[in-house]
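Below are the chains, spelled out letter by letter.
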Amino acid sequence: PRLLSQFFFADERVTRVVAEINGLDAELDPQQYLVLLNQLHLSQAHLLAVLERIMEECIPTQRHSRDYLVKFPEELLVDNLGNHMLFAAECLLAGTFLEVEESDGAQLRPRARNLLCSLELVRTVLREQSLSQPNCYPEPVRAVLIQFDRLFAEFELSYVSSLVAVKSPDEIYKQQEIIVLFCETVERALHLGYLTQEMIDGYEPLLMFTIPRLAIISGLLIYPEGPLSLERSPEEMSRVFSPFYNLLKKIRDLLRVLSAEELCLLERSLCTAE
């Protein structure tokens, strides 16, 4: 159950697979080479997972901030992102630019080198600690982990920033505005009896259609200064809504002529219509 013991065996597996790859002629046995590459990917992912748990146990209050992750496109926020970053660093150090422009890769190589050197140091230090005192983390071990955590975060942000357009602070703020609008819409719908808490707790599929419909009405009439404010230009709105700027104006104009009873009837119908 000790994390350092788990790290030792995970590290042993990575070392063994690397040795097998180095001793294999990929041209003579390409199939076995692909098998070993997959094993290396899995073993490195396991090693990083154990290392992450060790850092959470050893330096929980000294971790480098990961607030920048909110800037990343959602499709990149996957469980194996860390392992992908490690693979990218290895490619860059080998002079292979699989995903980035060569000029960007040249700038990233020093960070990749520092990251991989730091990882090797972490592996050495934790192996030694696991063989001597697997129940504690002395200060030298903590210092090595803090450095690795910082270098990993810096490389991750730099690499992804060169790969895709990360969200600007303004885009993040607009996204948060939409989240607030949806939360207030749900609260209002519960208060008015359009929805029930049981529907939400049970993940009622109809809510995927109902809540956005109600949010449009709320954004146009109830919270007109929010993310659906038509006082802004289309360019100032969130990209979620800006393509529908003219349509939203027509909807708002139609909603304004409804009486309170008619608006209530409309919202109730939106909660049942498919």
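Residues numbered from 1 in each chain as written. Predicted model: local features only at pLDDT ≥ 70, side-chain atom pairs only at ≥ 80, totals over all residues. Heavy atoms only, no water.

Peer 1: Give a description of the nonpolar core that names residues and reports values.
Peer 2: Grouped together as the largest cluster of nonpolar side chains are 45 residues, with contacts concentrated most on Leu51, Ile54, Leu126, Leu145, Phe148, Phe155 and Tyr159. Among all residues touching Leu126, those that are not within four sequence positions of it are Leu4, Phe7, Leu51, Ile54, Val141 and Leu145. Core analysis: the second largest hydrophobic core is formed by 14 residues, Tyr245, Leu248, Leu255 and Leu263 among them. (Core = buried A, V, L, I, M, F, W, Y, C linked by side-chain atoms within 4.5 Å. Buried < 20%, exposed > 50% of the residue type's maximum accessible area, 1.4 Å probe, protein only. Contact = heavy atoms within 4.5 Å.)

Peer 1: Account for helix H9 (residues 245-256), with residues named and values stated.
Peer 2: The terminal C-alpha atoms of H9 lie 17 Å apart, and with 12 residues this matches the ideal 16 Å at 1.5 Å per residue to within 8%. Of the positions making up H9, those classed as buried are Tyr245, Leu248, Arg252 and Leu255. Buried residues of H9 fall within an arc of 80° about the axis and therefore sit on the same side. Of the exposed residues in H9, the ones pointing more than 90 degrees away from its buried face are Asn246, Lys250 and Leu254. Lining the buried residues of H9 we find helix H8 (207-222) and helix H10 (260-270). (Helix = DSSP H or I, 4+ residues; strand = E, 2+ residues; numbered from the N terminus. Expected span 1.5 Å × (residues − 1). Arc of directions from axis to C-beta.)

Peer 1: Requested: an account of the layout of surface pockets, with residues and values cited.
Peer 2: By volume, the largest pocket amounts to about 460 Å³. In terms of lining, the largest pocket is formed by 20 residues, of which the most central are Glu52, Asp79, Leu81, Gly82 and Phe152. Sorting the residues of the lining of the largest pocket by element identifies helix H2 (30-58), helix H3 (81-93) and helix H5 (139-163) as the ones contributing at least two each. Each residue belonging to the lining of the largest pocket can be placed in one class, and the counts come to 10 nonpolar, 3 polar and 7 charged. (1 Å grid on protein atoms, 1.4 Å probe; cavity = no way out; pocket = protein on both sides within 12 Å on 5 of 7 lines; lining within 4 Å. Points joined across faces, edges and corners; volume = space filled by probe spheres on them. Nonpolar A, V, L, I, M, F, W, Y, C, P; charged D, E, K, R; others polar.)

Peer 1: Can you lay out the pattern of salt bridges for me, pointing to particular residues and giving the numbers?
Peer 2: Tallied over the full model, the rule gives 15 salt bridges. Where Arg111 meets Glu154, a salt bridge forms, and the shortest distance between an N and an O atom there is 3.7 Å. Separated by 43 residues along the polypeptide, Arg111 in helix H4 (residues 102-132) and Glu154 in helix H5 bring together distant segments of the chain. The exposure class assigned to Arg111 is partly exposed, which follows from its relative accessible area of 36%. Given a relative accessible area of 24%, Glu154 falls into the partly exposed group. (Salt bridge = Lys/Arg side-chain N within 4 Å of Asp/Glu carboxyl O.)

Peer 1: Kindly report on the side chain of Ser118, identifying the contributing residues and their values.
Peer 2: Counting through the fold element by element, Ser118 comes out in helix H4. Ignoring sequence-local partners within four residues, the contact set of Ser118 consists of Gln147, Phe148 and Leu151.

Peer 1: Can you lay out the packing of helix H6 (residues 169-192) against H8 for me, pointing to particular residues and giving the numbers?
Peer 2: As a packed pair, H6 and H8 sit with axes 9 Å apart at the nearest point and diverge in direction by 100°. Regarding the angle of H6 to H8, the classification is roughly perpendicular. Contacts between H6 and H8 pair Leu181, Phe182, Thr185, Val186, Arg188 and Ala189 from the former with Ile211, Pro212, Leu214, Ala215, Ser218, Gly219 and Ile222 from the latter. Split by residue class, the contact of H6 with H8 holds 9 nonpolar, 3 polar and 1 charged. (Axes fitted to C-alpha atoms, helices over the stretch in contact; angles between N-to-C directions. Parallel < 35°, antiparallel > 145°, perpendicular 65-115°, else oblique.)

Peer 1: How would you summarise the environment of Leu145 if you had to cite specific residues and measurements?
Peer 2: The residue Leu145 is located in helix H5 in this model. For the pair Leu145 and Leu121, spaced 24 residues apart in sequence, the C-alpha separation works out to 9.3 Å. Leaving out residues up to four positions away in the same chain, Leu145 has contacts with Leu51, Ile54, Met55, Cys58, Ile59, Val122 and Leu126.

Peer 1: Hey, could you go over the environment of Leu76 for me, with residue numbers and the actual values?
Peer 2: One can find Leu76 in the loop between H2 and H3. Taking C-alpha positions, Leu76 is 9.8 Å from Val164, a pair spaced 88 residues apart along the chain. The residues contacting Leu76, other than those within four sequence positions of it, are Leu81, Val160 and Val164.

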